[in-house]
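Listed below, chain by chain, are the residues.
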Amino acid sequence: MKLRGLLTLAMAAQVVVTAAALLVSYAVAGPGFGVAEIVALLASGAVALLIARLCTRTIETAQDKRIAAQLAEQAQASAQMTQAVIKTALDAFVQTDANGIILEWSIQAEALTGWTREEALGTDVVNLLIAEPLRDGFRQRMMRLLPELSHTPIGIRFEATLLHREGDEILIEASSTTLQLGGRTVINNFVKDITQKRAAEEQLIQAQKMEAVGQLTGGIAHEFNNMLTVITGTIEILADAVKDNPPLATITKLISEAADRGAALTSSLLSFARKQALQPADIDVNDLLEELAKLMLATFDKKIEIVKRLDGTIWLAFADRGQLSSALLNLAINARDAMPEGGRLTLTTRNVVFGVREAVAVGAGYAGDYVEIQIADTGTGIPQAILERIFDPFFSTKEVGKGTGLGLSMVFGFVKQSGGGIKVRSEEGGGTTFTIYLPKAETSVLRPTGYDERKIVGGTETILCVEDDRDVRHYVTVQLESLGYKVIPATNAADALAIAAEGTSFDLLFTDIVMAGALNGRELADEMVAARPSLRVLFTSGYAHDSPHGLGQATMGAPLLTKPYRKAELARMLRRSLDTAVDAAGDPIPTPYSVQAEVEGFLRKQETDESATRSRK
């Protein structure tokens, strides 16, 4: 009943009661005001008080019901809002009691763990999500945190490793708070999957560490290559001088072999530092793995089974074939060494397409198409304690004298420099799997025509030789003059530009890339070619990425002679640079197409077939 109606009814009842009391007093006592009238009025007042109390109780009851209804409505709205927040949250929501029994399980929790809400409710969260060997320790940890959680209104954050329904491990970050409901403690947990984030952080840390060490090793290797260039070159001169003296010839051979080993070591250092000169091209990794499998079958112990699982529709990869071959061979040898009692070595290829998260997780350069190469063994595996260090330079688990510790760091450096990624999965006693991701080739890259390495051909052209290392400059000058060339030495870019400004004529600029002064070798070449478009350029360097600036358009096709180099390599690269026909603007002149080689090949085949036919007759 509404308040207005209740008051109207109470007033009407009071009027009726008062009138009735007065009528009764009049009938009993007659007219006048006496005791009967006083009693009637007192009775009327008592009835009025009773009616007022009844009205007050009714009003209070109505108000209580209205407030209760409002509170219930607010609670329902709050619960609906809470459920909406939980359902739309990015993080999973898990509610448990103090004993870890699951009371609530959101849709995100289903997606994160693989367990449905119906399966999760009422179960022990530790038994459901924690690996069995870790459950007791996890419970003890939670029991220690519960008192702290109860006295911390803002809650606490912690990380843990959960087990997906399919058996995969998930690294999570949980935010937990407590709530007292109906005399019991309820724990609310918002859970975030940070597996990919942590992988990305580890990749970044590893990349930063490798970059720092790479800068150091690259600089050391560059200086060693300058020294080795002088050693390997001058030892050839000594070898020619003492070739008729066997004892001295033996000594020069030992020196030459030691220099070659030093060059190989600096090459490995540069591979790790991602500063070696790569010659990427479109390569069929299946063909490369077929060749590797043949080599392994011929050289590995017969107790090692070689299994090939090569995708027949594999894309072409864009990488340096020689470096990739060396990297795969290194991984295969490591796999062999991990299986002294025999086992299975599996070579696998497939095409993969990475989004940004997947590319970051494996350390690849960008999202897109990649060719995956996997080398898996069933050997002894790598202990988890050292798994994170396997790509560090000079780190090796082999005995002293059995390896330099540069093999895996070289693989790491090559893959990173190629714009790819690498990951390793290993379990002690359960084998190791290395997975390499290389960028898919977009366009074909023609390989430069090779030269006959057996011939050392000189020339009579004039060469401007720019080298800031005095010993290397003197050695190169001697070698160039011995090949018949005229040499104009320069100590740096400024010196070379001054020579050119005087109008001095020269046919080729032979310059180191790293030099002291305002300009490096690449910038010097760009400036000179801009003024003399037909000028030929040959670069030399201890490593390929020592310049902070990329090649300019004018010198984009200029070849690079890496240090240390022999006289034959120097002679071959000079002729390659000088013999390429160019017009006055510096553009290559196409070689006229000829079918002479095909004709000669056809005639030889015909002659061979006729000979075979006559022999059968």
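Chains are numbered independently. Their residues run from 1 in the order of the written sequence. Reporting in this predicted model follows two pLDDT cut-offs: at least 70 for local features of residues, and 80 or more for side-chain atom pairs to be given and counted; totals over whole chains, interfaces and linings ignore these cut-offs and use all residues. To obtain the side-chain values, all non-hydrogen atoms of the structure were used and water was disregarded.

Asks: Quick question: what am I supposed to make of the environment of Val 191 here?
Replies: Tracing the sequence through the fold places Val 191 in strand 5 (residues 184-193). For each residue, the accessible area found with a 1.4 Å probe, counting protein chains only, is set against the maximum for its type, and the residue is called buried under 20%, exposed over 50%, and partly exposed in between. Taking the relative accessible area as the measure of exposure, Val 191 reaches 10% and is therefore buried. By definition, residues are in contact when any of their heavy atoms lie within 4.5 Å. Excluding residues within four positions of it along the chain, Val 191 makes contact with Asp 91, Ala 92, Leu 112, Ile 172, Glu 173 and Ala 174. Numbering of helices and strands starts at the N terminus; helices are DSSP runs of H or I of at least 4 residues and strands are runs of E of at least 2.

Asks: Looking at this structure, how should I read the pairing of strand 9 (residues 343-354)?
Replies: Remark: a regular strand shows side chains that alternate across the two faces of the sheet. With 6 bridges joining them, strand 7 (residues 304-309) and strand 9 adopt parallel strand pairing. The partner of Ile 304 across the bridge, within strand 9, is Gly 343. When DSSP finds two or more bridges between two strands, those strands count as paired.

Asks: In this structure, what is going on with the sheet that holds strand 17 (residues 560-562)? I would like to understand it.
Replies: Sheets are built from strands that pair by backbone hydrogen bonding, the pairs being arranged parallel or antiparallel. What the 5 strands build is an open sheet, ordered 14-13-15-16-17; its pairing is parallel. Of all the strands in the sheet, the pair left with one neighbour each is strand 14 (486-490) and strand 17. Along the sheet, successive strands turn relative to each other by an average axial angle of 20°, direction set aside. The pairing of strand 15 (residues 508-512) with strand 16 (residues 536-541) spans 5 bridges and is classified as parallel. Directly across from Thr 511, in strand 16, lies its bridge partner Phe 539. Seen against the sheet, helix 14 (residues 470-482) touches strand 13 (462-466), strand 14 and strand 15 and runs at an angle of roughly 170° to strand 14. Note on method: axes are straight lines fitted to C-alpha atoms, helices fitted across the in-contact stretch only, with angles between N-to-C directions ranging 0 to 180 degrees.

Asks: Please clarify how the environment of Ala 259 should be interpreted in this entry.
Replies: Among the structural elements, Ala 259 can be located in helix 8 (residues 246-272). A relative accessible area of 4% places Ala 259 in the buried class. Put simply, Ala 259 and Met 227 are 32 residues apart on the chain and 9.8 Å apart in space, counted from C-alpha to C-alpha. If we ignore the near neighbours within four places in the chain, the residues touching Ala 259 are Leu 228, Ile 231 and Thr 232.

Asks: Would you explain the pattern of salt bridges in this entry?
Replies: If the charged atoms of two oppositely charged side chains come close together, the side chains can form a pair. Just to be clear on terms, a salt bridge is a Lys or Arg side-chain nitrogen sitting within 4 Å of an Asp or Glu carboxyl oxygen. Using the criterion set out here, one finds 14 salt bridges in the structure. Glu 173 is paired through a salt bridge with Lys 192; the nearest N and O atoms lie 4.0 Å apart. You can see Glu 173 sitting in strand 4 (residues 169-181) and its partner Lys 192 sitting in strand 5, a full 19 residues away along the chain. In this structure, the salt-bridge partner of Glu 290 is Lys 308, at a minimum N-O distance of 2.8 Å. Linking Glu 290 in helix 9 (residues 285-299) with Lys 308 in strand 7, this pair joins segments that are 18 residues apart in sequence. The exposure class assigned to Glu 290 is partly exposed, which follows from its relative accessible area of 29%.

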